[in-house]
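Tertiary structure, described
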Amino acid sequence: MTEWAFHLHLLMAISWIGGSVFMFVLGISLRDKKAQQEVYPHVGPIFGWFEVASLIILLTTGFILGFHYHLFDLFLHPNGSKISHALRMKAILVAVLTVATVVHFIIAYKTNGKERTKWQHFFSRGSSMLIFLLNLFVMHYAIVLRDIL
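In short, a report on the structure. All figures in this text were calculated on a predicted structure; none of them were measured in a lab.

1. Quick word on the nonpolar core
Trp16 and Leu97 are the most contacted members of the largest nonpolar core, which totals 19 residues. Elements with a minimum of two residues in this core: helix 1 (2-29), helix 2 (33-68), helix 3 (71-76), helix 4 (82-111) and helix 5 (118-148). If sequence neighbours within four positions are ignored, leucine 97 has contacts with Trp16, Ile131, Leu134, Asn135 and Val138.

Here's what the structure looks like:
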């Protein structure tokens, strides 16, 4: 059971991070407001729902793997080891990443094809940038954990 969970977790992580990088590059490269208005209403919802499904699968398979490797006890009772530190850091980053994703998704879904307020624009862009950066750190701690396990 855990072998399929690991492979599914890895596949979803690749999809999640690759999609995040793609959308980040798309956002940077589309400076023209008209081009953004033509692309985002079509690409955004498809990507958004895929990312929500990927995040749910990542969280689910992460819990399955956490139970399999007895990581929850280590998370709740850290012992100062490298794996304990990496596990806590990854969990904190994933929690913040999940909140940022929810914020970004809600704003994007509510304003798709509409003009955003300054605050919506600020939080949408800010959460998007945060998601991009957090993905890199989550990936780092995932690699550290996999290396130890």
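After that view of the structure, there is still more to cover.
2. Looking at the side chain of glutamate 51
Considering the arrangement of structural elements, one finds glutamate 51 in helix 2. Those residues in contact with glutamate 51 that sit more than four places away from it in its chain are Ser15 and Trp16.

3. Topic: helix 4
Turn by turn, an α-helix covers 3.6 residues, leaving residues three or four places apart pointing in a common direction. The terminal C-alpha atoms of helix 4 lie 43 Å apart, and with 30 residues this matches the ideal 44 Å at 1.5 Å per residue to within 8%. Taken together, the buried positions of helix 4 are occupied by Ile83, Ser84, Ala86, Leu87, Lys90, Leu93, Leu97, Thr98, Ala100, Thr101, Ile107 and Thr111. Buried residues along helix 4 sit in contact with helix 1, helix 2, helix 3 and helix 5. At the exit of helix 4 stands glycine 113, carrying a positive phi of roughly 80°.

Cut-offs applied
- Residues numbered from 1 in each chain as written.
- Predicted model: local features only at pLDDT ≥ 70, side-chain atom pairs only at ≥ 80, totals over all residues.
- Heavy atoms only, no water.
- Core = buried A, V, L, I, M, F, W, Y, C linked by side-chain atoms within 4.5 Å.
- Buried < 20%, exposed > 50% of the residue type's maximum accessible area, 1.4 Å probe, protein only.
- Helix = DSSP H or I, 4+ residues; strand = E, 2+ residues; numbered from the N terminus.
- Contact = heavy atoms within 4.5 Å.
- Expected span 1.5 Å × (residues − 1).

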